[in-house]
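Structural characterization, general
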Amino acid sequence: MEITPAKKLRGEVTIPGDKSISHRSVMFGAIAKGTTEIANFLQGADCLATIGCFQSMGIDIENTPDRILVHGRGLHGLTKPSGILNTGNSGTTTRLISGILAGQSFSTVLSGDESLNSRPMARIMEPLNSMGARITSINGNNCAPLQIDPGALHGFSYESNVASAQVKSAILLAGLYADGETSVTEPVLSRNHTELMLNSFGARVSSRTEADGRALASVLPCEELYGQKITVPGDISSAAYFIAAGLLVPGSEILIKNVGINPTRAGLLTVCENMGADITYLSKTSAGGEPVADILVKHSPLEAVTVEGSIIPTLIDELPMIAVMAAFAKGTTIIRDAAELKVKETNRINTVTENLKAMGADVTPTDDGMVIRGRGTLKGARINSHLDHRIAMAFAIAGLAATGTTVIEGSRCVDVSYPAFFETLDSLK
Ligand code: S3P
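Conventions used here
Residues numbered from 1 in each chain as written. Predicted model: local features only at pLDDT ≥ 70, side-chain atom pairs only at ≥ 80, totals over all residues. Heavy atoms only, no water. Pairing = 2+ DSSP bridges. Helix = DSSP H or I, 4+ residues; strand = E, 2+ residues; numbered from the N terminus. Axes fitted to C-alpha atoms, helices over the stretch in contact; angles between N-to-C directions. Phe/Tyr/Trp six-rings, centres within 6.5 Å; stacked < 30°, edge-to-face > 60°. Buried < 20%, exposed > 50% of the residue type's maximum accessible area, 1.4 Å probe, protein only. Near = heavy atom within 4 Å. Polar contact = N/O pair within 3.5 Å; in protein donor to acceptor, adjacent residues only side chain to side chain. Areas by Shrake-Rupley, 256 points an atom, 1.4 Å probe, with all protein chains shown as cover. Nonpolar A, V, L, I, M, F, W, Y, C, P; charged D, E, K, R; others polar. Contact = heavy atoms within 4.5 Å. Parallel < 35°, antiparallel > 145°, perpendicular 65-115°, else oblique. Left-handed = near helix turned anticlockwise from the far one by under 90°.

**A look at the sheet that holds strand 17 (residues 278-287)**
Within the open sheet, the four strands sit side by side as 2-16-18-17. Their pairing is mixed. Because the sheet does not close on itself, it has two edges, and the strands there are strand 2 (10-14) and strand 17. For this sheet, the mean angle separating the axes of adjacent strands, direction not counted, is 15 degrees. Pairing geometry for strand 16 (residues 253-260) and strand 18 (residues 290-298), over six bridges, is antiparallel. The residue bridging E253 from the neighbouring strand is K298, located in strand 18.

Printed below as a string of structure tokens:
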């Protein structure tokens, strides 16, 4: 995909459904009794992988243009798939479904693409195995493919050393099938969609933040979940590209509609404000128990910031975009406490650094982030997305605000989370 500098971006975009919430709505619907009706479901490759996995375990899922209907069969209604469950590029599918599969009465094998099969899975294998499942890495490298042999699950307290909603959710989902209360403590609170949505399906989940900042979530064993009607809010991780585009391209003014602003996801907005962004929130409402707003963004000169500590999990997927904004800002931006960037769809410390350097930025990678000395400009370059959707989209925006032409290699990987990304971008030109 070739990107040329934009003169100004003006207009309105409506953001497609949140990826994290879309996954969960299908998963919880599949193990609930009755029908779950989902509006604004994200039709991205990752969420379609989740649908495929549950269809191959006997769940009837109707994917119509305006609604997804998941005809759930209850906590114990899944059936053994005839082959390997293909989780594609999706870490969320792989890790969350492992928690559910740990509580079934049949064995399964999970596998994904090359990127997925190189991501760390010990973080879910260890706690789920401690609860009584037997999950093994078939190649012995603590990555997928994973063989999941269920077991009688016991209530369990787990102290996680990473703030990961995928780890937390896998354990809470297994906890539905356990014989006592299951709890997870994480160093700081990660996105809490599982806690919110499981409660709305009738589970008993409680959560609190300790005085030292650690976050605890616990779940009681459950008899049944019950199908719900869900409207998925727009994905702030997708909105991030349009927020950045509006801020970076001179003369721009973009109204970004239907953005989920759950505080455990909205760290990007705080960072933008700290950088001096002109952002206005309009018509705040809620969808599916989650806060939603329309966001008006106007071009703004940006200042450097330090991004660190407890805000990191609330913007972890937005850090590639923040790094690009930092290259255009005045001063030195420091991103730290973000070692999790190394285990995303790519090692994003490396892939962001490589591509920012190609565009002429002054950036130094560190062990848990990067240091970016803003130069106010970038120059067009050939970008290697490494088939990471967030790298492709962040650098497409960089290309709009840069001088010269930018080419994004492997740009179709945007299908993972935002199939209409380039068309929507074009509509603003
Ligand atoms: C997700 C959690 C985050 C995030 C991912 C989606 C989720 O991963 O990066 O894109 O839906 O729970 P971690 O929980 O591993 O940080």
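**Comments concerning the packing of aromatic side chains**
Given two aromatic rings, their pairing is described by the distance between the two centres and the angle made by the two planes. Evaluation of the coordinates by the stated rule reveals seven aromatic pairs. Centroid distance Y418 to F421: 5.7 Å. Interplanar angle 65 degrees. Geometry classified as edge-to-face. Classification of F421 as buried rests on a relative accessible area of 0%. Taking 5.0 Å as the distance between ring centres and 70 degrees as the angle between the ring planes, the aromatic pair formed by F421 and F422 counts as edge-to-face. Overall, the relative accessible area of 5% leaves F422 in the buried class.

**Notes on the site of the ligand**
The environment of the ligand is formed by K19, S20, R24, T92, S164, A165, Q166, R191, I316, D317 and K344. One of the side-chain N or O atoms of R24 is found 2.7 Å from an oxygen atom in the ligand. Calculation on the ligand without its partners gives an accessible area of 390 Å², and the protein chains cover 95% of this total. When residues of the shell around the ligand are traced back to their parent elements, those giving at least two are helix 1 (19-30) and helix 5 (165-175). Ranked by the residues each element gives to the shell around the ligand, the list is headed by helix 1, at three residues. A per-class count over the shell around the ligand returns two nonpolar, four polar and five charged.

**A closer look at the sheet that holds strand 1 (residues 2-3)**
Pairing is mixed across the open sheet formed by three strands, whose spatial order is 1-24-23. On the outer flanks of this sheet lie strand 1 and strand 23 (382-384), each paired with one strand and no other. Taken strand by strand, helix 11 (residues 389-401) contacts strand 1, strand 23 and strand 24 (406-409), and its axis lies near 170 degrees from that of strand 24.

**Describing the packing of helix 4 (residues 122-131) against helix 5**
As a packed pair, helix 4 and helix 5 sit with axes 9 Å apart at the nearest point and diverge in direction by 20 degrees. Relative to helix 5, helix 4 is oriented roughly parallel. The two elements helix 4 and helix 5 meet at a crossing, and its hand is right-handed. Only Q166, V167, A170, I171, A174 and G175 of helix 5 make contact with helix 4, whose side of the interface consists of R123, I124, P127, L128 and M131.

Nothing here speaks to function; it is all geometry.
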